[in-house]
Amino acid sequence: IYLSYDWSYFRISLFDYFFFNDRSPSTQFFNYRKNETIHVLEGIAEFTGSDAVPFRFLGGSNFYGDDPHRSVYFEAAWMSTSSNLNVELFCGYTPTRGFYNESKAGFTNIGASMTRNLIANERFSLPLQIQLVYHPFVQKFFMVAAIGIH
């Protein structure tokens, strides 16, 4: 679950991650007590880029919940738009060990994303996205496909 607010070329967001695990039954979804919750709250500040500055920069920090390291994450991306196709080359980095890598700081993801909007009419479009992501810590590639309604 998340909330976000956009202003010009900037966005601030609050994410609430809930992870099912062996320590807590699923009935604990509404438990936000400090030393008991399995939620993680993350605050994110982002420069979303523009036509004149085709780069995106993001910084996020887990500030509450089930992350004792209070992990921090940064991401930078180069963006390009051509016709109805958006391309993004990105990389993510964590400066400390924690949520994104339990053993050390380093690059967490390096990848490319392509998004195309299939437009049905003026009020409805169907964004299709595909990503190819390399995760250096586990030394594996991942392919992600997404469909949305907009």
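Each chain has its residues counted from 1, following the order in which its sequence is written. It should be noted that, the model being predicted, local features are given only for residues of pLDDT at least 70 and side-chain atom pairs only at 80 or more, the latter also being counted only at that level, while totals for whole chains, interfaces and linings use all residues. As a rule here, side-chain values come from all non-hydrogen atoms in the structure, and water together with hydrogens is ignored.

The residue serine 8 is not glycine, and still its phi comes out positive at about 55°. The phi dihedral of serine 83 is positive, around 55°, even though this residue is not glycine. Helical segments are the DSSP runs of H or I of at least four residues, strand segments are the runs of E of at least two, and each set is numbered from the N terminus. With respect to the element layout, serine 83 can be found in the loop between strand 5 (72-82) and strand 6 (85-94).

Pairing between strand 6 and strand 7 (residues 106-121): 10 bridges, direction antiparallel. Looking at strand 7, one finds that leucine 89 is bridged to alanine 112. Between strand 7 and the antiparallel strand that follows it, strand 8 (residues 124-135), lie 2 residues. At least two DSSP bridges between two strands are needed for those strands to be called paired.

Two aromatic rings, taken as a pair, are described by how far apart their centres are and by the angle between their planes. Ring geometry is summarised as follows: Phe, Tyr and Trp rings, the Trp one being its six-membered ring, pair when their centres sit within 6.5 Å, and such pairs are stacked at plane angles under 30 degrees, edge-to-face over 60 and tilted between the two. Applying the stated criterion across every chain, the model contains 14 aromatic pairs. When the centroid spacing of 6.2 Å and the interplanar angle of 20° are considered together, the rings of tyrosine 17 and phenylalanine 19 count as stacked. Both rings, one in tyrosine 93 and one in phenylalanine 107, keep their centres 5.2 Å apart while their planes meet at 65°; by these two values the pair is edge-to-face. On the criterion of sequence distance, the pair formed by tyrosine 93 in strand 6 and phenylalanine 107 in strand 7 is long-range, its members being 14 residues apart. Tyrosine 93 sits in the partly exposed class, given a relative accessible area of 32%. The rule is simple: take the accessible area with a 1.4 Å probe, protein chains only, and divide by the maximum for that residue type; under 20% is buried, over 50% is exposed, in between is partly exposed.

What follows concerns a nonpolar patch on the surface. Residues Tyr5, Trp7, Tyr9, Phe10 and Ile12 make up a contiguous nonpolar surface patch of roughly 610 Å² in combined accessible area. Those elements that place two or more of their residues in the nonpolar patch are strand 1 (2-7) and strand 2 (10-18). Note on placement: phenylalanine 10 falls in strand 2. According to the relative accessible area criterion, phenylalanine 10 is partly exposed, its value standing at 42%. Only residues whose relative accessible area exceeds 30% and that take part in no salt bridge are eligible for patches, with like-charged residues grouped when within 9 Å of each other and nonpolar side chains (Val, Leu, Ile, Met, Phe, Trp, Tyr) grouped when within 5 Å. Accessible surface is estimated by sampling points in the Shrake-Rupley manner with a 1.4 Å probe; for residues, cover comes only from the protein chains shown. Salt bridges are defined by distance alone: a side-chain nitrogen of Lys or Arg within 4 Å of a carboxyl oxygen of Asp or Glu.

Here we take up the sheet that holds strand 4 (residues 55-65). Strands sit in the order 1-2-3-4-5-6-7-8-9 across an open sheet of 9 strands; the sheet is antiparallel. Only two strands of the sheet have a single partner each, and these edge strands are strand 1 and strand 9 (140-147). Here the average twist between neighbouring strands, direction ignored, is 15°. The sheet contact formed by strand 4 and strand 5 spans 7 bridges and is antiparallel. Counterpart to glycine 59 in the pairing with strand 5 is phenylalanine 74. To get an axis, fit a line to the C-alpha atoms, keeping to the stretch in contact for a helix; angles then go from 0 to 180 degrees between the N-to-C directions.

What follows concerns the pattern of salt bridges. Per the stated rule, a full pass over the model turns up 6 salt bridges. Among the ionic pairs, arginine 11 bridges to aspartate 6, the shortest N-O distance being 2.8 Å. Relative accessible area serves as the criterion here: at 43%, aspartate 6 is assigned to the partly exposed category. Glutamate 88 serves as the salt-bridge partner of arginine 56, at 2.7 Å between the closest nitrogen and oxygen. Taken together, the positions of arginine 56 in strand 4 and glutamate 88 in strand 6 put the pair 32 residues apart, joining distant regions of the chain. Its relative accessible area of 9% is what places arginine 56 among the buried residues. Relative accessible area serves as the criterion here: at 19%, glutamate 88 is assigned to the buried category. A single salt-bridge network, built from bridges that share partners, covers Asp6, Arg11, Glu46, Arg56, Glu75 and Glu88.

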